[in-house]
Structure formats: C-alpha cells, structure tokens
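Report on the structure
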Amino acid sequence: MQRVISGHTVDVLISNQDPPLMARIRMIGIEAPSWKQKPWGDQAKTCLQKMLSETSETGDQKSVMLELDVEEKDRYSRWLAYVWLDGVLVNEQLVAKGCALASPLVPNNKYDAKIARAQEYARIMGYGIWNPDQPLRLTPAEFRRQNP
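Residues numbered from 1 in each chain as written. Predicted model: local features only at pLDDT ≥ 70, side-chain atom pairs only at ≥ 80, totals over all residues. Heavy atoms only, no water.

To continue, consider the state of the cysteines. Applying the stated rule across the entire model yields one disulfide. Disulfide partner of cysteine 47: cysteine 99, at an S-S distance of 2.4 Å. On the sign convention where negative means left-handed, the S-S torsion of about 80° between cysteine 47 and cysteine 99 marks this disulfide as right-handed. Note that cysteine 47 is positioned in helix α1 (residues 40-53) and cysteine 99 in the loop between α2 (90-96) and β8 (101-102), a separation of 52 residues in sequence. Comparing cysteine 47 with cysteine 99, the two get one shared label, buried. (Disulfide = S-S within 2.5 Å. Helix = DSSP H or I, 4+ residues; strand = E, 2+ residues; numbered from the N terminus. Buried < 20%, exposed > 50% of the residue type's maximum accessible area, 1.4 Å probe, protein only.)

Right, here's the structure in full:
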C-alpha cells in the first residue's frame, strides 16, 4: 500500500509488474464520507490508514491482496477492487467499524450481503457514523449533491 486518498480510495504499487505500476483503487461495495463532511470524512480516512498500516506479529508489513469483480474500472479509470489484508476483507471491516457505508455497486456484488451485515452490526452497536450522539445525517452522495 502506498497512500490512502480517502476512506474508500487508495494508491497502491503493483510490484508484480515490470516495471512496477502505481494504481488508484476504489474499494467496491462501500462509500466513505467526503473529506468535506466533518468529522466523518477525516475519520474514515484515518480508519483506513490505521487498518492498512498495521504490521503482523513479527513486525512485518501485512500482505495486501486486491480482488476484482465484474467491472474492472470506474468512470474515473480507478481500479475497482475488494481489498484483503491478511485474509480480512478491509471493505467489510471499514463498514463494521462505522467508518463507511455499504453501497452496492452493480454489477460488482460478490460481497454485498457480507458488507450489508457489517453495516447492520455497526448500526446496532452505534459505531462511528452510527453514533447516536453524533450520527452522519447525509449519505456521502446526498452531501455531494448539496455541496457541489
């Protein structure tokens, strides 16, 4: 992993290419609050940075695997992928922690049910954007429409 752009977008170095390729990845099945949505946008980005910067018990950087679905790229030429970190689906974990919302991206729906269950869990537990003391009032899409 090279750089976290937002709560659902990362730049990665694909090292099994010659020469290595830098690619922008938009995580499938989730939507994180915009950086303009204070404080949730910053929290979503920080949450993803923490997850991806964790090291293994031996102190090594954990291995990241990208899994594509039906569509490989979005209209902005970002790769669409599920991000796995040592066998854990990061897309799902961001939703389970209340850092992002489940957001199906048809036809890329391989893990939609898994991500939806994670959102229900976060909502019931009141995590992150579901915190009853400071809930997210507008979805990221609604926020973007009202704040172009």
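Over its 14 residues, helix α3 (residues 112-125) runs 20 Å from end to end, which matches the ideal 20 Å to within 8%, given 1.5 Å per residue. Summarising the contacts, the buried residues of α3 are in contact with β4 (30-31), α2 and β8. At the exit of α3 stands glycine 126, carrying a positive phi of roughly 75°. (Expected span 1.5 Å × (residues − 1). Contact = heavy atoms within 4.5 Å.)

Among the secondary structure elements, glutamate 54 is positioned in the loop between α1 and β5 (64-67). Judged by its relative accessible area of 40%, glutamate 54 is partly exposed. Expressed as a C-alpha distance, the spacing of glutamate 54 and leucine 85, which sit 31 residues apart in the sequence, is 9.5 Å.

The next thing to look at is the nonpolar core. With 30 residues, the main nonpolar core has Leu48, Leu52, Val90 and Leu94 as its most contacted residues. Among the elements of the structure, β2 (9-14), β3 (21-27), α1, β6 (79-85), α2 and α3 are those that each provide at least two residues to this core. With six residues, β6 is the largest single contributor of residues to this core. Setting aside its immediate chain neighbours within four residues, leucine 48 contacts Val4, Ser6, Gly7, His8, Val10, Met27, Val90 and Leu94. (Core = buried A, V, L, I, M, F, W, Y, C linked by side-chain atoms within 4.5 Å.)

Moving on, we come to unusual backbone geometry. Cis geometry is adopted by the peptide bond preceding proline 39, which originates at lysine 38 and carries an omega value of 0°. Topologically, proline 39 is positioned in the loop between β4 and α1. Residue proline 107 is reached from valine 106 by a cis peptide bond, and omega for that bond is 10°. Along the chain, the position of proline 107 falls in the loop between β8 and α3. The phi dihedral of serine 77 falls on the positive side, at around 65°, and the residue is not glycine. Among the structural elements, serine 77 can be located in the loop between β5 and β6. Its identity as a non-glycine residue notwithstanding, aspartate 86 has a phi of 50°, on the positive side. Tracing the chain through its elements places aspartate 86 in the loop between β6 and β7 (88-89).

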